[in-house]
Amino acid sequence: MSADADAGGRGRQEGGGDGEFSAEEVARGRALYRRVWPLAVGASAATLALTLVLGLTSAGAGLVGAFGHAWAARVAGAAVTLVLLPMLLELPFAARGRVERDRFGLVTQGWGGWAVDRLRGLLISLPLALAALFAVYALAGVTRWWWAWAALGAAAATLLLSFLAPLVFEPLFNRFTPMEAGPLRDALLALAARDGVAVRDVLVADASRRTTALNAYVSGFGRTRRIVAYDTLLATAEPREVELVVAHELGHVVHRDVLRGTVLGAVGAGLGVCVLAAVVSWRPLLDAAGVARFADPRSAWLLAAAAAVGGALAGPFGRALSRRIERRADVHALDLTAAPAEFVAMQRRLTVANVADPYPPRLPHLLLSTHPAPAERIRQARTWRPRAH
């Protein structure tokens, strides 16, 4: 279930003078925000710099070529280095972020569990990278139309992974148990029924093994769709507040945000492959990367560099779209429950418990945030009015 106030309102917000948050709550959220957003930017910048250096010089080709002369060995070497080096580079930033969140009481997981989670992520990413690169370079070696087949494959893989994620990947990181029968479970199922959303079950995720943060979501498609609530949310929030969090998530289903996002992601993946194919076939870039043609697996870091630049340029636009979608889901929750006061209470609880900055700095917020700022969401609830029928 964070856009910012105008310059005139900013002065009131610095001390929580708008009445929504105390000065201590604002200071606490801002202190954590100022510690973690530079780490996020630093990790992204370091990874992009690494990718550009290895992709736009012969260093990347030399690194992949060190795995041997055999085609398969070079593809495997490309996959290993593309996954492992950025992960190792980001590791100090991630570890520091964990330290900072731990200082604010958000971490319940030990370093051993944190390391295991990182290893799980690696064991998921590496086979996917291997499969993708083997497919791309096998196609590039046999047909000039490799990019068309790769684009279709990228689109299909996006659709497949979106479907498999709640069934295969989510259980690798959390344990899910059915919510006990009772008033809250009945209320959540009734809320979904009133929204016309069929759900298979209501599950509880053991998020408390890692964090004290609060959240809930709806995942899956069709018969696999389920409501998932963090155990931390159930232990902390009032039942009506839990309903409002779920109502927001149901808004994404009603507006087909996940389905549309998946379809748009598939289309974007296909189009992205076509653009990348044109970029990595450009002779000056191939010369800079030290390879004669793209079909040589030693060009993998050039491919990664082109993809990284495209992702960095597209990122702010995608996050702006995400914030718009989240605002619409907030309105849906208010329309469905007609409980603006409880919505405000819920947003306050989430903001304080998650140690979020209610009024984040404008530029980092626009570049990094996928959700409206908490203060904006509260203002939207206070100005909400029932729709006339």
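Here, the structure is the one placed above.
Within each chain, residue numbers correspond to sequence positions counted from 1 in written order. Where totals are concerned, whole chains, interfaces and linings use all residues; where local detail is concerned, this predicted model gives features only for residues with pLDDT of at least 70, and gives and counts side-chain atom pairs only at 80 or more. Excluded from the side-chain calculation are hydrogens and water; included are all heavy atoms of the structure.

1. Some thoughts on helix α7 (residues 183-194)
Count 3.6 residues to each turn of an α-helix, and residues three or four apart come out pointing the same way. Put simply, the rule reads: In this text, helices come from DSSP runs of H or I with a minimum length of four residues, and strands from runs of E with a minimum of two, each type numbered from the N-terminal end. To estimate the expected span of a helix, count its residues, drop one, and scale the result by 1.5 Å. Residues are treated as being in contact if the distance between any of their heavy atoms lies within 4.5 Å.
With 12 residues, α7 ought to run about 16 Å at 1.5 Å a step, and its terminal C-alpha atoms sit 16 Å apart, in line with that. Those residues of α7 hidden inside the fold are in contact with β2 (201-205), β4 (226-230), α9 (239-254) and α12 (300-337). Looking one or two residues past α7, G196 carries a phi angle of roughly 75 degrees, positive in sign.

2. Remarks on the sheet that holds β4
Keep this limit in mind: Strands were regarded as paired on the criterion that DSSP finds at least two bridges between them. Simply put, an axis is a line fit to the C-alpha atoms, just over the touching stretch for a helix, and the angle between two N-to-C directions goes from 0 to 180 degrees.
The strand order β1-β2-β4-β3 describes an open sheet built from four strands, whose pairing is mixed. Where the open sheet ends on each side, the last strands, each with one partner, are β1 (176-178) and β3 (216-219). Across the sheet, the axes of successive neighbouring strands diverge by a mean angle of 30 degrees, strand direction being ignored. When β2 meets β4, the two strands line up parallel, connected through five bridges. Bridge assignment links L203 to a residue of β4, and that residue is V228. Across the sheet, α7 touches β2 and β4, and the angle it forms with β2 is around 125 degrees.

3. As for the environment of V309
Inspection of the secondary structure puts V309 in helix α12. Once the C-alpha coordinates of V309 and L48 are considered, the two residues, 261 residues apart in sequence, prove to be 7.6 Å apart.

4. Digging into the packing of aromatic side chains
What counts here: Each Phe, Tyr or Trp ring (for Trp, its six-membered ring) is paired with any other whose centre lies within 6.5 Å, and the angle between the two planes then decides the class: stacked below 30 degrees, edge-to-face above 60, tilted in between. Here's how the labels work: a residue is buried when its accessible area is under 20% of the maximum for its type, exposed when over 50%, partly exposed in between, all with a 1.4 Å probe on protein chains only.
Applying the stated criterion across every chain, the model contains six aromatic pairs. Seen in terms of ring centroids, W71 and F134 are 5.7 Å apart; in terms of plane orientation they differ by 65 degrees. Their pairing is edge-to-face. In this pair, W71 sits in helix α4 (residues 71-103) while F134 sits in helix α5 (residues 111-142), placing the two residues 63 residues apart along the sequence. The exposure class of W71 is partly exposed, given its relative accessible area of 36%. Seen in terms of ring centroids, W146 and F294 are 4.8 Å apart; in terms of plane orientation they differ by 20 degrees. Their pairing is stacked. Of this pair, W146 sits in helix α6 (residues 146-173) while F294 sits in the loop between α11 (283-289) and α12; the two residues are 148 residues apart in sequence, bridging distant segments of the chain. With respect to class, W146 is no different from F294; both count as buried.

5. A closer look at the packing of helix α2 (residues 23-55) against α12
Applicable threshold: Angles are sorted into four bins: roughly parallel if under 35 degrees, roughly antiparallel if over 145, roughly perpendicular if 65 to 115, and oblique for all others. In a left-handed crossing the near helix is turned counterclockwise from the far helix by less than a right angle, and in a right-handed crossing that turn is clockwise. Note on residue categories: nonpolar means Ala, Val, Leu, Ile, Met, Phe, Trp, Tyr, Cys or Pro, charged means Asp, Glu, Lys or Arg, and polar means any other residue, Gly included.
The N-to-C vectors of α2 and α12 enclose an angle of 140 degrees; their axes lie 8 Å apart at closest approach. Here α12 runs oblique to α2, going by the angle between their axes. Note that α2 runs across α12; the crossing there is left-handed. The segment α2 lies against α12, with L48, L50, T51, L52, L54 and G55 engaging W301, L302, A304, A305, A308 and V309. When its residues are assigned to classes, the contact of α2 with α12 shows 10 nonpolar, two polar and no charged.

6. Points about the pattern of salt bridges
Condition: Any carboxyl oxygen of Asp or Glu that lies within 4 Å of a side-chain nitrogen of Lys or Arg is treated as forming a salt bridge with it.
According to the stated counting rule, one finds 20 salt bridges in the structure shown. For R382, the salt bridge is made with E20, and the minimal N-O distance between the two is 2.6 Å. Taken together, the residues span a long stretch of sequence, with R382 in helix α15 (residues 374-382) and E20 in the loop between α1 (7-14) and α2 at a distance of 362 residues. When the shortest N-O distance is used, the salt bridge between D296 and R74 registers 3.9 Å. Taken together, the residues span a long stretch of sequence, with D296 in the loop between α11 and α12 and R74 in helix α4 at a distance of 222 residues. Among the ionic contacts, a cluster of salt bridges with common partners joins R35, R96, E100 and R103.

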